[in-house]
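# Notes for the structure review
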Amino acid sequence: MVLWYRSPRSLNRPAALVARDLTVLFSNSRLRKMLKKFNHDVVGLRIGEVLDCKYAASPSRCGETEGCLQCELRRLIELTRIAGERLTGIPISFQNKSGARKTFKITTEKVREAVLLIIAGLPVDP
Amino acid sequence: MSGSSQSLDISPGPPHAGFFRGYTIHKNARNQYRRDSKGSSTFSPAHFKFTSLPAESYPLLDRIIEIYLAELGQEKIQEPLSYCVKELIANAQKANAKRIYFEERGLEISRQEDYDNGMRGFLREIAENLDHFLQQLKQKNLSINVMFHMRGEALTISVRNSAELTPKERARIYERIVRARAFHSFFEALETSLDSTEGAGLGIMILLQFLKRIGLGEESFSIEGKNGSTVSSIVIPISQVHLEQIRILSEAIVRDINSLPHFPENVVELIHLTDDPEVKITTIAKRIATDPALTADLLKQVNSGYYALPAQVNSIPQAVKLIGIRGLRNLLYAYSSQKILGQKQAMMKSLWEHSFRTAYYAFLLARGLKRQREILDDAYVAGLLHDIGQIIVSSLHPETHEKMRRFSVEKNILPRILERFSFGMNHADIGSLIAQKWNFPEQLVEGIKYHHDPLSASHKYKDIVFCVYLANAVCDLERGLISYEQLEKPVLGDFGIRTKEQLLGVASKLRSAFEKRHSELSGL
């Protein structure tokens, strides 16, 4: 079943299609390769769990913790979904499970009620 | 309670228990909805208080916004508005955390040099040590208050944090507001603010861009720092279509209440006589004596105990001498309104009980805090009659309800608007229309009309309206239906009330005075 008009598979950048509740609906092989993960470690999980966000490892899930209020990625996804506007090259930072801070440059695009998330720049440790 | 300041008041909608994990809900928060459904209140303010908000609570926030917007006929802007409110909450939390960060480093936020030094590392620090800041916010009880308040024909959503804006911060915000005017897309706004030291780009300019898109414009947004806190507000007006439908229905209800008789003409004349300083007590007493039924009823009321007269009173001149012209005037309003509207049903009785308490509180407030003898009488009567619209709508005959339903279908009025009327919506307007129909004086019409919206009252009658508003609010506080945060601070300030403790002190004195009076009367 095709849920979007533009498949992440066709993109030459790591990409994932993320639902309103931050669940990853689809990912391309470039993303899995970048994260060194299998498809079953990505699809069906929340984006924070996939990216190993520190808060996603807490008892509450990604999108449900106290830390999520300040989460740049959550806000970017929500902004894209509501505004329906393509946003390119936005730097997003978060802390991973080991406490290291990661920054990605991300491009987002609304696809029906989901958001296509394209990692435009490789992770950088600031 | 979970954490140090986690509490949540929800008034307008049926709360979903699943969203309340980790919070204490005031026991009456749920009752508020039942209370609305019974029709004894207007659409009440809702209030959240927390130090940090788990994202799992967002659906509840969205739902509350949706309920309020439905009242305004503005449902279609729910998603962008919810986004804006969450942005304000995130900013408020960041502002609170910023104070902790500066304090921990011994930096003075109001000093330019310290501010610049501190801001260099603040964002990185908060990102890397968010847990620490969340913990500190709880320990230091740096809370965020979110208020939903219908004022007149608009909804105000305000987010208050525990840190007052510094001049530097204020200047930055205004600079952003000016810059935001030039943007035509979110991307432009984001791109411009990416290098900002204050935020990661999803800030005030995005919020203003959203407001522009949903047709509200930057004038609907305001931010103000005062008395150790900062309040950001968004004002959403009622839709014009909705407004027109409410007006049509309010007028129809007032026009079509055929079962409601006019205020007795002889009583209206008597009230006018009591207003005339040239008229002597004996003249008024003689006029009353010409109506045997009124004489008998008034004597019965005077002797009922409320006036705590030393002995049985057998004549009107004697009664007027004892209770005074003002007392007589109060008696005429109270007696006639109750006679017309009745108080047999349990709900009516409860509404009148609330009205008497409000009247007495308004009287005491006028006497004790405002120290204005000239408004004592009006404050009492306006307090007594403030919910008259509610009493009337609640007592509508089933035939009138059916007539209103048909009228709504004919005029394409939304069923929800009609339904809300039964629950008390617009009761202040309906009450004031009826007060006009009964030729009540202007000050009473205003007291009734603005008892939930005191800041809209005319300057001339502001003191009376404020007394009624605060009296009614204290009654609601006692019943746990509202909290201190939901009250209009300019009104409290007018009575010299600056803190919650002061208000509770005033409420306690009012309650004691009322109960003392009540027990004196019961013992008679």
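Residues numbered from 1 in each chain as written. Chains lettered and ligands numbered in written order. Predicted model: local features only at pLDDT ≥ 70, side-chain atom pairs only at ≥ 80, totals over all residues.

When its secondary structure is counted, chain A shows three helices and five strands. Across the 126 residues of chain A, 47% fall into the buried class. Counted over contacts in chain A with a minimum sequence separation of 6, partners at least 24 positions apart contribute 39%. (Helix = DSSP H or I, 4+ residues; strand = E, 2+ residues; numbered from the N terminus. Buried ≥ 20, exposed ≤ 12 C-beta atoms within 10 Å, placed from the backbone. Contact = placed C-beta atoms within 7 Å.)

With that out of the way, let us pick up the confidence of the model for chain B. It should be kept in mind that the predicted coordinates are not to be read in detail where pLDDT is low. All names here are of chain B. Counting all residues, the mean pLDDT for chain B is 77, and 80% of those residues have values of 70 or more. Helix H21 (residues 462-478) holds the highest mean pLDDT among the elements of chain B, 94, whereas strand S2 (residues 24-25) holds the lowest, 30. Here residues 1-42 is a poorly scored stretch, pLDDT under 50, and it has 98 contacts once near neighbours within four places are set aside; other chains count. Low pLDDT, under 50, characterises residues 197-201; the predicted model gives this stretch ten contacts beyond four residues in sequence or across chains. As a predicted assembly, this complex carries a pTM of 0.69 together with an ipTM value of 0.86. (pLDDT = per-residue confidence, 0-100.)

So, about the packing of helix H3 (residues 78-104) of chain B against helix H8 (residues 204-213) of chain B. Axis angle and axis distance: for two packed helices, these are the angle between their axes and the distance between the axes, and together they describe the pair. Residues and elements named next belong to chain B. Following both chains from N to C, one finds H3 and H8 inclined at 155°, their axes separated by 10 Å at the closest point. Considered as vectors, H3 and H8 are oriented roughly antiparallel to each other. You can see that H3 and H8 cross each other, and the crossing is left-handed. On H8, the residues that touch Pro80, Tyr83, Cys84 and Glu87 of H3 are Ile206, Leu207, Phe210, Leu211 and Arg213. Of the residues assigned to the contact of H3 with H8, the class counts are seven nonpolar, no polar and two charged. (Axes fitted to C-alpha atoms, helices over the stretch in contact; angles between N-to-C directions. Parallel < 35°, antiparallel > 145°, perpendicular 65-115°, else oblique. Left-handed = near helix turned anticlockwise from the far one by under 90°. Nonpolar A, V, L, I, M, F, W, Y, C, P; charged D, E, K, R; others polar.)

The partner chain A presents 24 residues to the 25 residues of chain B that form the contact. Elements with a minimum of two residues in the side of chain B that touches chain A: H3, helix H4 (112-128), helix H5 (130-139) and helix H7 (186-193) of chain B. Looking at the side of chain B that touches chain A element by element, the count peaks at seven residues for H3(B). Of the residues that constitute the side of chain B that touches chain A, the class distribution is 17 nonpolar, four polar and four charged.

This part takes up helix H6 (residues 167-180) of chain B. Residues and elements named next belong to chain B. With 14 residues, H6 should reach 20 Å at 1.5 Å per residue; the first-to-last C-alpha distance of 20 Å fits that figure. Those residues of H6 that sit buried are Glu169, Arg176 and Ala180. An end-on view of H6 places all buried positions within 35° of arc, on one side of the element. Residues of H6 that are exposed and angled more than 90 degrees away from the buried face: Pro167, Ala171, Tyr174, Glu175 and Val178. (Expected span 1.5 Å × (residues − 1). Arc of directions from axis to C-beta.)

As a further point, take the environment of B:Asp297. Residue and element names in this part refer to chain B. Residue position: Asp297 is located in helix H12 (residues 292-302). For Asp297, a count of 15 C-beta atoms within 10 Å puts it in the partly exposed group. With 38 residues separating them in the primary sequence, Asp297 and Tyr335 have C-alpha atoms 8.5 Å apart.

Ranked by internal contacts, the top residues of the largest apolar core, which has 81 residues, are A:Ala16, A:Val18, A:Ile47, A:Leu117, B:Cys84 and B:Ile89. Here this core takes nine residues from H3(B), the largest share from any one element. Apart from the residues within four sequence positions on either side, B:Ile89 is in contact with A:Leu69, B:Leu53, B:Ile144, B:Val146 and B:Val159. B:Leu270, B:Ile391, B:Cys475 and B:Val506 belong to the second-largest nonpolar core, a separate cluster that totals 73 residues. (Core = buried A, V, L, I, M, F, W, Y, C linked by C-beta atoms within 7 Å.)

Turning our eyes to something else, we now look at the pairing of strand S4 (residues 144-151) of chain B. Residues and elements named next belong to chain B. For S4, the tally of buried residues reaches seven of eight residues, placing the bulk of the element in the interior. Both strand S3 (residues 46-50) and S4 contribute to a ladder of five bridges, which runs antiparallel. Bridge pairing in S4 links Ala46 to Phe148. Note: S4 against strand S5 (residues 154-161), seven bridges, orientation antiparallel. By the bridge assignment, Met147 is partnered in S5 with Ser158. (Pairing = 2+ DSSP bridges.)

Let us look at H4(B). Here H4(B) spans 25 Å end to end across 17 residues, near enough to the 24 Å set by a 1.5 Å rise per residue. For H4(B), the principal kink sits at B:Phe122 and spans about 40°. (Bend = angle between axes of the 7 residues up to and from the residue.)

Residues and elements named next belong to chain A. Summarising the sheet, strand S1 (residues 15-18) and strand S2 (residues 24-27) pair through three bridges and their orientation is antiparallel. Bridging from a neighbouring strand, Val18 pairs with Val24 of S2. Between S1 and S2, which follow one another and run antiparallel, lie five residues, and Leu22 among them has a positive phi close to 75°.

Take the packing of helix H15 (residues 376-385) of chain B against H21(B) next. Residues and elements named next belong to chain B. Where H15 contacts H21, the two axes come as close as 9 Å, and the packing angle between them is 45°. Classified by the angle their axes make, H15 and H21 are oblique. Judged by the twist between their axes, the crossing of H15 over H21 is right-handed. When H15 is examined against H21, the residues Asp378, Ala379, Ala382 and Gly383 are found in contact with a partner set consisting of Ile464, Cys467, Val468 and Ala471. The residue inventory of the contact of H15 with H21, partitioned by class, reads six nonpolar, one polar and one charged.

This brings us to unusual backbone geometry. Note: most residues except glycine have negative phi, and most peptide bonds are trans. All names here are of chain A. The phi angle at Lys36 is positive, at roughly 55°, despite the residue not being glycine. Along the chain, Lys36 falls in the loop between helix H1 (29-35) and helix H2 (47-50). The phi dihedral of Asp52 falls on the positive side, at around 60°, and the residue is not glycine. One can find Asp52 in the loop between H2 and helix H3 (72-83). Here Asp52 falls in the partly exposed class, since 17 other C-beta atoms lie within 10 Å of it.

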